[in-house]
Every structure is written in structure tokens, then in C-alpha cells.
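# Close look at the chain arrangement
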Amino acid sequence: MARTWFSSAPVLDARERAVLLDVAYAAIGDGRQRGGPRAQPLELYPPALRAHAATFVTLHLARELRGCIGTLEACQPLVVDAAENAYAAAYRDPRFPALAPAEIADLEVHISILTPPEPLVFATEEELLAQLRPGVDGLILSERGCRSTFLPAVWETIAEPRAFLARLKLKAGLPAEYWSDTIRASRYTTIDIA
């Protein structure tokens, strides 16, 4: 079977979105007993869910972050990526203990499907900041083997571009004021499903 990749934002209808959310919830619930998400034959899913795409899955309990894991490159079918990231967000996010069985009933799952990253061209931090679209762009920052990203949803808590970039540098293990002509950045947008 030929692989397909999304070259832009995928278009998913309401049924496909519901199936993807069901898969994520099942990966968390069933995965606890199985030690990982259950693999279903890809032929059972609509073609849009079999196309390769990168996802992040974010979990909330009582509106508080409870886990977030994802991929930046489209390297496997969307439905597989979402299931694996849902399981990892629940049980392997190093910032949190593994999800307890009692937490599953109240869990809110949010899936972000990433568009392919667009490399940004800049020579200075000011030029990079001028290209950011608050509330729209996710940003990937790379420098000397360090890489970090913020999803577009992070703009809800860090609305100012300079602060957004500074916090992203810290997340990458760099000082907030760090700058180098070897820093690389790419932006992407997301299709959000909750």
C-alpha cells in the first residue's frame, strides 16, 4: 500500500474526528492493561486517518495539564501516531506520574494534528519575532543538538512573542536571552480535536 502524507492541514469530517478521539481514549484506557495501545488493522479506518501525520496529544484533569507528548515529523499513519502519543501522554510523560485508573473517567483528551513545519529565514532575533503569528503558529527551535517546541495553544498562556520565544529557549535548555546565528526555527499550525 502506498504511503500518503498530508502536505497541508488534513481535512477531517465529524465522523473521522470522533473516531480519532475514540482511538486516543481507548489507547489510554485499554493500554493500561495491555502495556501499550492496541493495534487495529489500518484497513478498518477511513483513508484520511491512514495518511501519515504528526500529532501531539494533550491531557487535562480539572483544566490542569496532566500530560502532553507528540511527534514533529509525519512518520506513521495519523491514527497510529495519535494512539501512541495518547498512551505516552498518559503513562510516559516524565513530568507526571503514570495516570491512575481513577483519573481516566474525568480525563479530557485534546489531539493536535500538525501541518508540515515551515523553516523560517532570519538573521536576527528581531527578524524571527517579526515572523511569528501569535495564536496561530507552533514553533520549533533547534540549536546545537537541542530542540523544543510550543504548540499554538501555548499562546493562550504566553501571549507576547518575545516571552514566548524566551520560554521556548528555556525549554530547549538554553538561557532565555541566548542568541546565535546557528539557531534554526520552523513554524507549523495545527488542526485541533477535542
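Okay, so let's go over this structure. (Residues numbered from 1 in each chain as written. Predicted model: local features only at pLDDT ≥ 70, side-chain atom pairs only at ≥ 80, totals over all residues. Heavy atoms only, no water.)

Of all hydrophobic cores here, the largest spans 32 residues; its most connected members are Leu12, Leu20, Ile28, Leu59, Val109, Ile111 and Ile113. Of all elements in the fold, only helix 1 (14–34), helix 2 (47–50), strand 1 (54–61), helix 3 (78–91), strand 3 (108–114) and strand 8 (190–193) reach the threshold of two or more residues within this core. With ten residues, the top contributor of residues to this core is helix 3. Setting aside residues up to four positions removed in sequence, Ile28 forms contacts with Leu59, Ala86, Tyr87, Ala90, Tyr91, Leu99, Ile104, Leu107 and Val109. (Core = buried A, V, L, I, M, F, W, Y, C linked by side-chain atoms within 4.5 Å. Buried < 20%, exposed > 50% of the residue type's maximum accessible area, 1.4 Å probe, protein only. Helix = DSSP H or I, 4+ residues; strand = E, 2+ residues; numbered from the N terminus. Contact = heavy atoms within 4.5 Å.)

The strand order 4-7-5-6 describes an open sheet built from four strands, whose pairing is antiparallel. Looking along the sheet, the strands with just one partner apiece sit at the ends: strand 4 (118–119) and strand 6 (146–150). Relative to strand 7 (residues 184–188), strand 4 runs antiparallel, the two sharing two bridges. Within strand 7, the position partnered with Pro119 by the bridge is Ser186. Docked against the sheet, helix 5 (residues 161–171) engages strand 5 (138–143) and strand 6, running at close to 135° with respect to strand 6. (Pairing = 2+ DSSP bridges. Axes fitted to C-alpha atoms, helices over the stretch in contact; angles between N-to-C directions.)

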